[in-house]
Amino acid sequence: MKQLLFVLVLTMAFSVRAQYTISGTFSPTKDYTWLIAYGLQPGTQGYVADTAINDGKFSMQIPPNAPAGMYRLVYGIPQEEFYFDVLYNGKENIQFNFDAQKGISFVSSEENKIFNAYFREITGVKQEFMDFYASGKTDTDKEAYKKLGEKLEDIQTAYEQSTKNMMVHDFVKANRPYIPSEYETTETYWQHKKDQFFKHLDVKNPILQASGFLTDKLTNYVFTPISTERISKTETEKTLQENIRTIHEKLKDTGSSYQMHIFHKIWNIANASGFNDTADFVFTTYLKNLAQITDNQKIIADIEVNNRIRNGAKAPEITWKDGNTTKKLSEWEDAECYVVIFWSSTCSHCLKELPPLHKKLTSNDDVKVLAVGLEANEANWKIESAKLDHFEHVIALGKWESEYAKAYAIQRTPTYFILDKEKRIIANPQTDKEVVDFLNN
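Let us look at the structure shown here. All values derive from a computational prediction rather than experimental measurement.

Further remarks concern the sheet that holds strand β7 (residues 94–99). Spatial ordering of the open sheet is given by β4-β1-β7-β8, a layout of four strands whose pairing is mixed. Of all the strands in the sheet, just β4 (57–62) and β8 (103–108) have a single pairing partner and so form its edges. Between one strand axis and the next, the sheet turns by 20° as a mean value, whatever way the strands run. Direction of pairing for β7 relative to β8: antiparallel, over a ladder of five bridges. Its bridge partner lying in β8, Gln95 is registered against Ser108.

This is the structure we're talking about:
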C-alpha cells in the first residue's frame, strides 16, 4: 500500500512539473483582448489552448500532454496575419513581451531567446553582404568582403555548436547560409546561393515541417529572383515555374498533406502577385491532384471560383430580357468600360451607394452599368430599380443561391466589377467612390 501511495505521489509530482505556461504582456494594452495557441503539425495546426488578455497581461497553461514543437500564437483577426510562432520544448516556461512597434522580446525560454538571437544576427550579416554589393565596392575591397564571409562563418558555427541537444539546433543547422570563400559578383553570388539552397535543408525533418520556417524557406526559393537585371513578366514566370518544379522534386518523398500545404501556399502567393500563368501551372500540375488525394475538394472549388472572377478573366455570362429581346453581357457593345453591380433592394448600403453612383455615371457615355438585383421577390426590386433608370437591370431570384451570385461568388452587397471593352475583369472596387476613382483614372 505504501509503495502504491509512493507511486501515486511520484506520478502527481511529475504531472505538476510537466505543467508549463506561456505568459507575458501585449502593448498597447487596449488593442489586445485574447490569445489562442495552436500546435503546428506538418501542413496543418491543432487547437491547444486560449486565454483572455487583461490589461495587456496574460498567462496560459500548456496541457501536460502537449508535445514539444512549434506553437502558433494568434492574437487578432484575420488569424493568418496576426500571429507569431514560438518553440516549446516541453521543459520550460515561455514568457515574453510583445509590442506592436518593437515586436517580441523573450523574458524566459532559452530555446526562443537563442532562436531570435540567431536569426537576428545571421540576417544582419547577410544584409551586410547585400549592402556591400549595393555600395558599388565590387572587387575593390576584397579584404572587407573576405571578413564578411569569416564573420558569417563564425556566427553560424558558434550557434551550431552551442545549440546541440536543443530543439532550435534543427533550425540553425537548416538555415546555414551559403558563404563564399572569395569575392564573387552579385550574379555569381546569387546563383551559388540558389545552387546550394538545399544543401543543409532537410525537407523531411518533421520538426521543420511543423513550422512556418520551412514553409517560408521553400516559398522564398520560388519567389526570390537570382538576377539583378530587369526581365519580362513572361521570363519571370518561366523562372518561377522552373523553381516550382525543383520544389516538387525535393518534396516527392514527403506526405501528400504536406505537399498540399506547400503548393497551396505557393499558389496563394502567385495569385496575389498577379502571376496568373504560374498560379494556373501550380493548380493544374500539382495542386488539383493533391487536393483529390487528400480529399480537399473545397480548395479546388475555391480556386476555380477565383480563376473565374480574377482580374484578366472573361466575366461570367449574364443574360437578361429587354422587352422581347434577350441580351448578353458578352455581346453588349458601344462602351469603353462596363460596370457590373450586385445589389439588393432590401440592402441599406446599396440604397445609400447606388443613387450617387447613378448620378455620377449618367452623363458618362463611355461606361455602361449592369445592375444585378439579388432578390427574394420582384415587388420591391421594381420600385427601387426604376429609380436607377440609366442602369440596365437584371433580377436574380434566390438571392445568394441564385445562378449569378454563385457564378461571381457574391458574399456581400453591393459588390462591384469593372470590365474592359472585351468584358475582361479589370477591377473589383469596394465602394461606389472607388468605382468613380478607377473610372476617372
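Moving on from the coordinates now.
Let us look at the side chain of Glu111. Relative to the assigned elements, Glu111 resides in helix α2 (residues 110–135). Buried within the structure, Glu111 lacks any salt-bridge partner; its nearest side chain of opposite charge belongs to Lys91, at an N-O separation of 6.9 Å. Once residues within four sequence positions are removed from consideration, Glu111 is found in contact with Leu87, Asn89, Glu92, Met166, Met167 and Val168.

The sheet built from five strands is open, its strands ordered β13-β12-β11-β14-β15 with mixed pairing. This sheet does not close on itself; its edge strands, each paired only once, are β13 (392–397) and β15 (425–427). Here the average twist between neighbouring strands, direction ignored, is 30°. Where strand β11 (residues 337–343) meets strand β14 (residues 415–419), five bridges bridge the pair, whose relative direction is antiparallel. Bridge pairing links Val339 to Ile418 in β14.

Moving on, we come to the packing of helix α9 (residues 256–272) against helix α10 (residues 276–293). Viewed as axis vectors pointing N to C, α9 and α10 meet at an angle of 155°, and their least axial separation amounts to 9 Å. With respect to α10, the axis of α9 lies roughly antiparallel. Relative to α10, the crossing made by α9 is left-handed. Counted together, Ser256, Gln259, Met260, Phe263, His264, Ile266, Trp267, Ala270 and Asn271 of α9 and Thr278, Ala279, Val282, Phe283, Tyr286, Leu287, Leu290, Ala291 and Ile293 of α10 form the full contact between these two elements. For the contact of α9 with α10, the per-class residue count stands at 13 nonpolar, five polar and no charged.

Burial along β4 is one-sided: the residues Phe58, Met60 and Ile62 are buried and none of Lys57, Ser59 and Gln61 is. Bridging between strand β1 (residues 20–27) and β4 involves six bridges; their strand directions are antiparallel. Its bridge partner being in β4, Tyr20 is matched across the sheet by Ile62.

Moving on, we get to the packing of helix α7 (residues 212–223) against helix α8 (residues 233–251). Interhelical geometry of α7 versus α8 gives an angle of 145° and a closest axis separation of 8 Å. Contact with α7, carried on its side by Leu218, Tyr221, Val222 and Phe223, involves Leu240, Asn243, Ile244, Thr246, Ile247 and Leu251 of α8 and no other residues of that element. Its residues assigned to classes, the contact of α7 with α8 comprises eight nonpolar, two polar and no charged.

On to the pattern of salt bridges, then. Note on pairing: side chains with opposite charge can pair once their charged atoms come close. In total, this model carries 16 salt bridges according to the counting rule given. Across the pair Lys151 and Glu128 runs a salt bridge, and its minimum N-O distance is 2.9 Å. Of this pair, Lys151 sits in helix α3 (residues 142–162) while Glu128 sits in helix α2; the two residues are 23 residues apart in sequence, bridging distant segments of the chain. Note on Lys151: relative accessible area 38%, which makes it partly exposed. On the basis of relative accessibility, which here comes to 29%, the residue Glu128 falls in the partly exposed class. Ionic pairing is found between Asp253 and Lys204, a salt bridge with its closest N-O pair at 3.8 Å. Residue Asp253 is found in the loop between α8 and α9, and its partner Lys204 is found in the loop between α5 (186–195) and α6 (206–209); the two are separated by 49 residues along the sequence. By relative accessible area, which is 55% here, Asp253 ends up exposed. In the salt-bridge network here, residues are joined through shared partners; they are Glu153, Glu160 and Arg176.

What counts, and where the lines are drawn
Position numbers for residues count from 1 along each chain, tracking the sequence in the order it is written. Only residues with pLDDT of 70 or above have their local features reported here, since the model is predicted, and side-chain atom pairs are shown and tallied only from 80 upward, although totals for entire chains, interfaces and linings are computed over all residues. As a rule here, side-chain values come from all non-hydrogen atoms in the structure, and water together with hydrogens is ignored. When DSSP finds two or more bridges between two strands, those strands count as paired. Secondary structure elements are defined from DSSP: runs of H or I of at least 4 residues count as helices, runs of E of at least 2 residues count as strands, and each element is numbered from the N terminus. An axis is simply a line fitted to the C-alpha atoms; with a helix, the fit covers only the stretch in contact. Between two such axes, the angle follows the N-to-C directions and lies from 0 to 180 degrees. Only protein chains enter the area calculation, which uses a 1.4 Å probe; residues under 20% of their type maximum are buried, those over 50% are exposed, and those in between are partly exposed. Asp and Glu count as negative and Lys and Arg as positive, but His and the ends of the chain are not part of the count. The salt bridge definition used is simple: a Lys or Arg side-chain nitrogen within 4 Å of an Asp or Glu carboxyl oxygen. It only takes one pair of heavy atoms within 4.5 Å for two residues to be counted as in contact. Should an angle lie under 35 degrees it is considered roughly parallel, over 145 roughly antiparallel, and from 65 to 115 roughly perpendicular; all remaining angles are considered oblique. Crossings are classed by handedness, with left-handed meaning an anticlockwise turn of the near helix from the far one by less than a right angle and right-handed meaning a clockwise turn. Basically, the charged four are Asp, Glu, Lys and Arg, the nonpolar ten are Ala, Val, Leu, Ile, Met, Phe, Trp, Tyr, Cys and Pro, and anything else, Gly included, counts as polar.

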